Amino acid sequence: MPETPLPVLPVACTLGPSDLADRRADWARLDVRAREEIPAGLRLHYAAEAEADLERLAALERGCCAWATWSVARRDDAVVLEVTAPADAVPAVRELFPG
């Protein structure tokens, strides 16, 4: 039986303009310690105290920007957010968190 290809998700956010502005403000309130471009997207480092906010925002982003993968992990005294996507969507990921 032939394998069915997975659907390709569009590179688009499902939030309206007002909600998008609010979400960007939520992200802007968090202090990024370091920003690394990785081949599939971005790795952002935050203070450990930001972990709950990062988990909450990443969960929200999974709902409106399902074309990207949002993961949060504790590393030593920091919390790291990795946002990755297919190659054609990497510029969009990097645009979400300009450096």
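These notes cover the structure that comes with them. Treat the numbers as computed from the prediction; the structure is a model and nothing was measured.

A few words on the packing of aromatic side chains. To describe a pair of aromatic rings, one takes the distance between the centres and the angle between the planes. Tallied over the full model, the rule gives three aromatic pairs. Ring plane angle 85° and centroid distance 5.1 Å describe the contact between Trp27 and Phe97, whose orientation is recorded as edge-to-face. Separated by 70 residues along the polypeptide, Trp27 in helix α1 (residues 17–28) and Phe97 in the segment after α3 (90–96) bring together distant segments of the chain. Per residue, the accessibility class of Trp27 equals that of Phe97, and both read buried. A ring pair is formed by Trp70 and Phe97, whose centres lie 6.3 Å apart and whose planes are at 65°; its orientation type is edge-to-face. You can see Trp70 sitting in strand β3 (residues 69–75) and its partner Phe97 sitting in the segment after α3, a full 27 residues away along the chain.

A few words now on the nonpolar core. In terms of nonpolar packing, the biggest core is built from 22 residues, with Trp27, Tyr46, Leu54, Trp70, Leu81 and Phe97 touching the most fellow members. Breaking this core down by element, the ones donating at least two residues are β2 (41–47), α2 (51–64), β3 and β4 (78–84). It is α2 that provides the largest number of residues to this core, a total of four residues. Ignoring anything within four residues of it in the chain, the contact list for Tyr46 reads Trp27, Leu30, Asp31, Val32, Arg33, Leu54, Ala78, Val79, Leu81 and Phe97.

Attention now goes to the pairing of β2. With six of seven residues buried, β2 is to be regarded as a mostly interior element. Direction of pairing for strand β1 (residues 32–38) relative to β2: antiparallel, over a ladder of six bridges. If you follow Arg35 over to β2, its bridge partner there is Leu44. In this antiparallel pair of consecutive strands, β1 and β2, the connection spans two residues.

Parameters at a glance
Residue numbers restart at each chain and count upward from 1, following the sequence in its written direction. Totals for whole chains, interfaces and linings use all residues, but because this is a predicted model, local features are given only for residues with pLDDT of at least 70 and pairs of side-chain atoms are given and counted only at 80 or more. Hydrogens and water molecules were not included; the side-chain quantities draw on all heavy atoms of the structure. Centre distance within 6.5 Å is the pairing criterion for rings of Phe, Tyr and Trp, where only the six-membered ring of Trp is used; planes under 30 degrees apart are then read as stacked, over 60 as edge-to-face, and the remainder as tilted. A run of DSSP states H or I qualifies as a helix once it reaches four residues; a run of E qualifies as a strand once it reaches two. Both are numbered from the N-terminal end. Three exposure classes are used, based on accessible area relative to the maximum for each residue type with a 1.4 Å probe and protein chains only: buried under 20%, partly exposed in between, and exposed over 50%. By nonpolar core is meant a set of buried Ala, Val, Leu, Ile, Met, Phe, Trp, Tyr and Cys residues that side-chain atoms within 4.5 Å join together. In this analysis, two residues are considered to be in contact whenever any of their non-hydrogen atoms come within 4.5 Å of each other. Only strands that DSSP links by at least two bridges are regarded as paired with each other.

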